[in-house]
Amino acid sequence: MELALPNIPRESPRIAPLDEAAINRIAAGEVVERPASAAKELVENALDAGARRIEVAYADGGKTLLRVSDDGHGIRAEDLPLALSRHATSKIDGSDLLNIHSFGFRGEALASLGAVARLTVTSRHGTEDAAEISVRGGAPGQVRPAALRSGTRVELRDLFHATPARLKFLRSDRAETQALLDTLRRLAMAAPQVGFVVRDLSGGGDGRVVLRADPEAGEGAESLLGRLSRLIGKEFAENAVPIAAEREGHNLSGFAALPTYSRGAAVAQYLFVNGRPVRDKLLTGALRAGYSDLLSRDRFPAAALFVSCDPMRVDVNVHPAKAEVRFRDLGLVRGLIVSGLRHCLAEAGHRASTTVAGATLGAFRPETGAAGPARVYQMDRSAPAARQMSYQAQAPQAAVDGFGFAEAPSARVEAEPTPDHADGGEAPAVGYLGAARAQLHETYIVAQTATGMVLVDQHAAHERLVYERLKTQRADRGVASQALLIPEIVDLGPDDAATLLAEAEALDNLGLSLEPFGPGAVAVRATPALLGPVNAEALLRDLLDELHEGGAVGTGNITARIDAVLSRMACHGSVRAGRRMQADEMNALLREMEATPHSGQCNHGRPTYVELKLADLERLFGRS
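Below is a short write-up of the structure. (Residues numbered from 1 in each chain as written. Predicted model: local features only at pLDDT ≥ 70, side-chain atom pairs only at ≥ 80, totals over all residues. Heavy atoms only, no water.)

## Notes on helix 7 (residues 221-231)
Within helix 7, burial applies to Ser 223, Leu 224, Arg 227, Leu 228 and Leu 231. Angular distribution of buried residues about the axis of helix 7 spans 135°; they occupy a single face of the element. Summarising the contacts, the buried residues of helix 7 are in contact with helix 6 (173-190), strand 8 (195-200), strand 9 (208-213), helix 8 (234-238), strand 11 (250-257) and strand 14 (303-308). In the stretch just after helix 7, Gly 233 is the one whose phi turns positive, near 130°. (Buried < 20%, exposed > 50% of the residue type's maximum accessible area, 1.4 Å probe, protein only. Helix = DSSP H or I, 4+ residues; strand = E, 2+ residues; numbered from the N terminus. Arc of directions from axis to C-beta. Contact = heavy atoms within 4.5 Å.)

## Section: the packing of helix 2 (residues 35-48) against helix 6
Where helix 2 meets helix 6, the closest approach of the two axes is 8 Å, and the angle between their N-to-C directions is 25°. When the axis of helix 2 is compared with that of helix 6, the two are roughly parallel. Viewed along their axes, helix 2 and helix 6 form a crossing whose handedness is right-handed. Of the residues in helix 6, those in contact with Pro 35, Ala 36, Ala 39, Lys 40, Val 43 and Glu 44 of helix 2 are Glu 176, Ala 179, Leu 180, Thr 183, Leu 184 and Leu 187. (Axes fitted to C-alpha atoms, helices over the stretch in contact; angles between N-to-C directions. Parallel < 35°, antiparallel > 145°, perpendicular 65-115°, else oblique. Left-handed = near helix turned anticlockwise from the far one by under 90°.)

## What about the sheet that holds strand 22 (residues 521-528)?
Strands sit in the order 20-22-21 across an open sheet of 3 strands; the sheet is antiparallel. Edge positions in the open sheet fall to strand 20 (481-491) and strand 21 (513-516), since each of these has one partner strand only. Across the sheet, the mean angle from the axis of one strand to that of its neighbour is 20°, orientation sign disregarded. Relative to strand 22, strand 21 runs antiparallel, the two sharing 4 bridges. In the sheet register, Leu 514 faces strand 22, and the bridge partner there is Val 524. Its contacts with the sheet put helix 14 (residues 494-501) on strand 21 and strand 22, and the angle it makes with strand 21 is roughly 135°. (Pairing = 2+ DSSP bridges.)

## Description of the environment of Leu 156
Looking at where Leu 156 falls in the secondary structure, it is placed in strand 7 (residues 151-157). Setting aside chain neighbours within four positions, we find Leu 156 in contact with Ala 38, Thr 64, Leu 65, Leu 66, Leu 113, Ala 117, Arg 118 and Leu 119.

## Some remarks on the side chain of Ser 513
With respect to the element layout, Ser 513 can be found in strand 21. Among all residues touching Ser 513, those that are not within four sequence positions of it are Asp 508, Ala 523, Val 524, Arg 525 and Ala 526.

## Observations regarding the sheet that holds strand 19 (residues 452-457)
In spatial order, the strands read 17-18-19-23; together these 4 strands make up an open sheet with antiparallel pairing. Either end of the sheet is taken by a strand with one partner, and the two such strands are strand 17 (435-440) and strand 23 (609-613). Across the sheet, the mean angle from the axis of one strand to that of its neighbour is 20°, orientation sign disregarded. Bridge analysis of strand 18 (residues 444-448) against strand 19 gives 5 bridges, and the strand direction is antiparallel. Looking at the pairing, Ile 445 lines up with Val 456 of strand 19.

## So, a negative patch on the surface
On the surface, Glu 78, Asp 79, Glu 128 and Asp 129 cluster together to form a negatively charged patch. Checked against the element boundaries, Asp 79 lands in the loop between strand 2 (65-70) and helix 3 (80-83). Looking at Asp 79, the relative accessible area reads 31%, which means it is partly exposed. (Patch = residues over 30% accessible without salt bridge, like charges linked within 9 Å, V, L, I, M, F, W, Y side chains within 5 Å. Areas by Shrake-Rupley, 256 points an atom, 1.4 Å probe, with all protein chains shown as cover. Salt bridge = Lys/Arg side-chain N within 4 Å of Asp/Glu carboxyl O. Lys, Arg positive; Asp, Glu negative; His and termini not counted. Charge placed at Lys NZ, Arg CZ, Asp CG, Glu CD.)

## Details of a nonpolar patch on the surface
A cluster of nonpolar side chains, Leu 440, Tyr 444 and Leu 455, forms an exposed patch at the surface whose accessible area comes to about 230 Å². Relative accessible area serves as the criterion here: at 36%, Tyr 444 is assigned to the partly exposed category.

## Examining the packing of aromatic side chains
Tallied over the full model, the rule gives 2 aromatic pairs. Taking the ring centre of Phe 300 as reference, the NZ or CZ of Arg 288 above it sits at 5.0 Å. (Phe/Tyr/Trp six-rings, centres within 6.5 Å; stacked < 30°, edge-to-face > 60°. Lys NZ or Arg CZ within 6 Å of the ring centre and 35° of its normal.)

## With respect to helix 2
Taking 1.5 Å of rise per residue, the 14 residues of helix 2 would be expected to cover 20 Å, and the 20 Å separating its terminal C-alpha atoms lies within 8% of that figure. The element helix 2 is extensively covered by neighbouring structure, given that 12 of its 14 residues are classed as buried. Of all the residues in helix 2, the buried ones are Pro 35, Ala 36, Ser 37, Ala 38, Ala 39, Lys 40, Glu 41, Leu 42, Val 43, Glu 44, Ala 46 and Leu 47. Backbone geometry just downstream of helix 2 places Gly 50 in the positive-phi region, at approximately 80°. (Expected span 1.5 Å × (residues − 1).)

## Observations concerning the pattern of salt bridges
Here the idea is simple: oppositely charged side chains can pair when their charged atoms come close. Following the criterion strictly, the structure yields 22 salt bridges and no others. Each of Arg 67, Glu 155 and Arg 157 takes part in a single network of salt bridges with overlapping partners.

## Things to note about the nonpolar core
Counting residues in hydrophobic clusters, the biggest one holds 56 residues, and the most contacted among them are Val 43 and Ile 54. When sequence neighbours within four positions are dropped, the list of residues in contact with Val 43 reads Ile 54, Val 56, Val 68, Leu 184, Leu 187 and Phe 196. With 33 residues, the next largest nonpolar core counts Ala 256, Leu 258, Leu 282 and Val 333 among its residues. (Core = buried A, V, L, I, M, F, W, Y, C linked by side-chain atoms within 4.5 Å.)

## What to know about the pairing of strand 10 (residues 240-247)
Relative to strand 11, strand 10 runs antiparallel, the two being bridged by 8 bridges. Within strand 11, the position partnered with Ala 244 by the bridge is Ser 253. From the end of strand 10 to the start of strand 11, which pair antiparallel, there are 2 residues, and Glu 248 there has a positive phi angle of about 50°.

## Some points on unusual backbone geometry
Despite not being glycine, Asp 60 shows a phi value in the positive range, around 55°. When you line up the elements, Asp 60 lands in the loop between strand 1 (53-59) and strand 2. Of the residues examined, Asp 60 reaches a relative accessible area of 28% and is grouped as partly exposed. A positive phi angle, near 65°, is found at His 598, a position not held by glycine.

## A few points about the packing of helix 9 (residues 281-290) against helix 10 (residues 330-347)
Two numbers describe how helix 9 lies on helix 10: the axes approach to 8 Å, and their chain directions differ by 30°. The interaxial crossing formed by helix 9 with helix 10 has right-handed handedness. Between helix 9 and helix 10, the contacting residues are Leu 282, Leu 283, Gly 285, Ala 286, Leu 287, Ala 289 and Gly 290 on the first element and Leu 330, Val 333, Arg 334, Ile 337, Val 338, Leu 341, Arg 342 and Leu 345 on the second. Looking at side-chain class alone, the contact of helix 9 with helix 10 contains 11 nonpolar, 2 polar and 2 charged residues. (Nonpolar A, V, L, I, M, F, W, Y, C, P; charged D, E, K, R; others polar.)

The structure is reproduced here in structure tokens:
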């Protein structure tokens, strides 16, 4: 029985060149996927033109109208017809396709947009008169005079009207609007000194401003943080730590959020290469690896990371929409991101995000009435000395049985002097987590700080401390290996076996001993002792997957497995909830937290403590 092949006709067709209109529509299919991708091309052109202010207006999610106006250097009237032709650009001369410093370089955007929509370009160069040109059905019209103060205005109407089949694949107006705004936010993050205004004209008239980002003052990290605060939110700015790292000509900068400020999806991850927004699996994987032992699997970090390097070291011409890049040294960039993230998070690891305190305050229910907000009670505030005497007179004289008080509750911030310091000697130092005052339900430690109070989850906090201690011991003493009585032979194939054996020395440092065993086979002689009995073949194939994805010397998978074992050991070896602790034990725990990296969250990314300011407490009780 002969099976018909649907893609191959019985008669051999003749080869014929496509007409210009068909070529442009095919190119538009690669470059213009939806209104958001059209906006990306036009805004990148505006940034390449040196614009300082960019305004984007749209209607119906960009389907019926998309207009981008800028104050850049504009296009000369005689160059307008050339700007609409394919592969015509002022950004490169074609002699070097690697040393690219601009967003665009192919010269395809305007020609592709004109093939699938009604396009009008109006521009003014310097002091020359403004001019405009329109494209209908892929055919450009005549250049004619126009009115424009400066820069360029590109208006796109009825996207995909020339290709109705593509129009059917667009999503709802709301979904297209969200994609459009996300694209514009990413471009605005890459240019903090450029002002952006986005208007929705769906209702007619002047529309409404849905996004405004004024040019940021300052330079470098200061201006970037201001722009991120506007676009992502103030909470991100309050809970982000700056990152700056350099390795062999590659620089990493930006801001990474604390692990306790994590998200339920990867919606707050913004990655840039030489100022270009990208969605690259390598960079996303490296970002995830930087938080590897700080977040649980169902949580995602928030960050805005900028990788910069010589344009010759990265190829941006590997994707039609330039959304992906290819680095010359993949492992170097991944290692830079992972180590840079871990270093900056370790420096600020004792912090817990402010959103945790906000959620705690939200759990309280201040008195509210039908008439409006919570009542504020006016009361006289006595002098500090008078308040201190009053507190001492009212304080209980001994610990109350059943309530877990470490000492008599006191308004003093300082640690109570011990008998050794009763003669006026120096008292023990108290850090930013304050002095322990009580233990609630044998689970939570209440500490008083100079500016408020701290509530500590004793088990979560001690779990992180034990985990970091175990990791330090592993780094100092190495990973013990467990020799197999009978080596396990794993058949992988010649290429995969060679890939693994090339990393044998690095793997041996992590307790995994490999030797060649004939063509395409590997003998596993020892495995990390901490892992216990392991499936050697599954472990090697996981390592191969990591190597194929650009992992750093293929050791991340084993390290992650060992860290998971250490995390479980730390959980079982920590102070359990329900254990009553003495005052010196609680204070010792607080001091160790202050000295330990990442003590602001447990091994699963949950906060270890909540800090409430005195002003928050006063507001809860209606104090003015």
